[in-house]
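The primary structure of each chain is shown beneath.
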Amino acid sequence: MSAANLVMQSYGRCCASPAFFDDFYRHFLASSPLIREKFVDTDMSAQKQLLRQGIMNLVMHARGMPDTKLRALGESHSRQRLDIRPELYDLWLDALLLTISEHDKECDADIRQAWREVLNKGIAVIKGGY
Ligand code: HEM
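About the thresholds
Residues numbered from 1 in each chain as written. Predicted model: local features only at pLDDT ≥ 70, side-chain atom pairs only at ≥ 80, totals over all residues. Heavy atoms only, no water. UniProt positions renumbered as here; feature names shortened; annotations may be inferred. Helix = DSSP H or I, 4+ residues; strand = E, 2+ residues; numbered from the N terminus. 1 Å grid on protein atoms, 1.4 Å probe; cavity = no way out; pocket = protein on both sides within 12 Å on 5 of 7 lines; lining within 4 Å. Points joined across faces, edges and corners; volume = space filled by probe spheres on them. Nonpolar A, V, L, I, M, F, W, Y, C, P; charged D, E, K, R; others polar.

- Within an unreviewed UniProt entry, the label attached to the chain reads Globin, and the organism entered is Ectopseudomonas hydrolytica.
- What UniProt states about the chain under its Sequence similarities (unreviewed entry) heading is, verbatim, "Belongs to the globin family."

Written out as structure tokens, the structure reads:
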């Protein structure tokens, strides 16, 4: 199965797991004071819904969708706006992979590798807007 399809199915299992987004933000916020600082004024329940769609955009990009949505994220996360420095995406990726490993009961080395491949491709577009 292609990386994009492995990821699509894994993401389906993750989204069906009720605490997936809570656990992701718990891990992500725990990873650095720089991350916590960025979210001090954020409504986290709204943020969890936005991220659900944001990850879907990364997955759809890997399946051949144009990068319009990811470029828009690149704009919002750019130096002039949210100012998300490129190295912070490493923490984001680590927190997400940890959360996937906890929530996708079928997660194995191949699925983790497929996620890395898919996410890195989309993250490169977002970082490109910095
Ligand atoms: C907002 C997705 C990485 C911090 C958002 C939004 C989405 C999103 C969909 C809401 C819409 C928008 O503002 O454009 C993503 C995705 C990421 C990512 C898919 C990874 C590929 C990061 C990283 C940080 C971050 C690494 C670092 C702290 C924020 C902040 C907001 C935000 C501070 C605004 C929160 C607020 O409204 O108060 N992100 N994001 N994001 N993101 Fe990200």
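Read on, since the account is not over.
### So, the UniProt feature "domain: Globin" (unreviewed entry) in the chain
Then step 1. Residues given the UniProt feature "domain: Globin" (unreviewed entry) here are residues 23-121.
Then step 2. With 72% helix and 0% strand, residues 23-121 has its two end C-alpha atoms placed 24 Å apart.

### Details of empty space enclosed by the protein
Then step 1. According to the stated counting rule, one finds one cavity of 30 Å³ or more in the structure shown.
Then step 2. Of the pockets and cavities examined, the largest cavity occupies roughly 30 Å³.
Then step 3. What lines the largest cavity is simply Asn57, His61, Met65, Pro66, Lys69 and Leu70.
Then step 4. Going through the elements one at a time, helix 4 (44-62) and helix 5 (68-76) are the ones with two or more residues in the lining of the largest cavity.
Then step 5. Of the residues assigned to the lining of the largest cavity, the class counts are three nonpolar, two polar and one charged.

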